[in-house]
Amino acid sequence: MDIRPNHTIYINNVNDKIKKEELKRSLYALFSQFGQIVEIVALKTMKMRGQAFVVFKELSAATNALRQLQGFPFYNKPMRIQYAKTDSDIIAKMRGTFGDKEKKKDKKKKAQEQAANAAKKPVNAVNTQPAPPATVQVPDNPPNYILFLNNLPEETNEMMLSMLFNQFPGFKEVRLVPGKHDIAFVEFESEAQAGVAKDALQGFRITATCAMKITYAKK
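In what follows, the accompanying structure is described. Source: prediction; values computed, not measured. (Residues numbered from 1 in each chain as written. Predicted model: local features only at pLDDT ≥ 70, side-chain atom pairs only at ≥ 80, totals over all residues. Heavy atoms only, no water.)

Comments concerning helix H1 (residues 20–31)
Owing to its 3.6 residues per turn, the α-helix aligns residues three or four sequence positions apart on the same side.
So, step 1. Across its 12 residues, H1 extends 16 Å between first and last C-alpha, which sits within 8% of the 16 Å expected from 1.5 Å per residue.
So, step 2. Within the sequence span of H1, burial applies to Leu23, Ser26, Leu27, Ala29, Leu30 and Phe31. (Helix = DSSP H or I, 4+ residues; strand = E, 2+ residues; numbered from the N terminus. Expected span 1.5 Å × (residues − 1). Buried < 20%, exposed > 50% of the residue type's maximum accessible area, 1.4 Å probe, protein only.)

A word on the pattern of salt bridges
So, step 1. Going through the model one piece at a time under the given rule, you end up with six salt bridges.
So, step 2. Lys172 serves as the salt-bridge partner of Glu187, at 3.5 Å between the closest nitrogen and oxygen. In this pair, Glu187 is assigned in strand S9 (residues 180–188) and Lys172 in strand S8 (residues 171–177), connecting sequence segments 15 residues apart.
So, step 3. By relative accessible area, which is 48% here, Lys172 ends up partly exposed.
So, step 4. Salt bridges linked by common partners bring Lys172, Glu173, Arg175 and Glu187 together as one network. (Salt bridge = Lys/Arg side-chain N within 4 Å of Asp/Glu carboxyl O.)

Description of the packing of H1 against helix H5 (residues 158–165)
So, step 1. For the pair H1 and H5, the least separation of the axes is 8 Å and the interaxial angle reads 15°. Considering the angle they form, H1 stands roughly parallel to H5. Considering the relative orientation of H1 and H5, their crossing is right-handed. Of H5, the residues touching H1 (which contributes Arg25, Ser26, Ala29 and Leu30) are Met160, Met163 and Leu164.
So, step 2. Classifying every residue of the contact of H1 with H5 by side-chain character gives five nonpolar, one polar and one charged. (Axes fitted to C-alpha atoms, helices over the stretch in contact; angles between N-to-C directions. Parallel < 35°, antiparallel > 145°, perpendicular 65-115°, else oblique. Left-handed = near helix turned anticlockwise from the far one by under 90°. Contact = heavy atoms within 4.5 Å. Nonpolar A, V, L, I, M, F, W, Y, C, P; charged D, E, K, R; others polar.)

A closer look at the sheet that holds S8
The pairing of strands in a sheet comes from backbone hydrogen bonds and takes either a parallel or an antiparallel form.
So, step 1. Pairing in this open sheet of four strands is antiparallel, and the strands run S8-S9-S7-S10 from one edge to the other. Every interior strand has two partners, whereas the edge strands, S8 and strand S10 (213–216), have only one. Pairs of neighbouring strands in the sheet enclose a mean axial angle of 25°, with direction left out of account.
So, step 2. Across four bridges, the pairing between strand S7 (residues 146–150) and S10 is antiparallel. (Pairing = 2+ DSSP bridges.)

With respect to the pairing of S9
So, step 1. As defined by bridge partners, S7 adjoins S9 across four bridges and the pair is classed as antiparallel. Its bridge partner lying in S9, Leu147 is registered against Val186.
So, step 2. When S8 meets S9, the two strands line up antiparallel, connected through six bridges. If you follow Glu173 over to S9, its bridge partner there is Glu187.
So, step 3. Counted along the chain from S8 to the antiparallel partner S9, the turn is two residues long, and its residue Gly179 has a positive phi close to 85°.

Put into structure tokens, the structure is as follows:
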């Protein structure tokens, strides 16, 4: 494969029975652990069934996602991932807009400017420092190998949560609470392993509006 690494990854062998919106949310939940996502494109046309594109802000994020999720069983089908043939022109064409291409040009220009202006302050440096991750202060119980999640969006399902948590060692299972969409339990093999996942995913946004709150479950 001589496709040059770029910000956009192309995924195929996706389960085409999944509704477009759910598919995009699940892809976001799975891929956003690697870095900021600019856009996800999943079309249900005959030609594009079972395929999706994920555009990352950083090239390194696209590379890590491709390596780590290659063959990942997504809705029971192993994902096949490669870099898109041209960064995000393909998306621009599919959307009938070259806005994405301009964004990419700006990004390259910005990177070049930053390199050239390493000594002097970059022009329009609105916020060169990345914002620190929002730490959510949640009153907590004593450490436990079971985590309690709340403030989950209505569309949360077991698969989404499993995909998020099974990247952490010691993950055992996710338990949803029937009739209550906004809470769930996640079990790990040990308190320490549960603690690592809790710290890493505290405040994670499955959707733009719902920041997940994680505490240790009551013993």
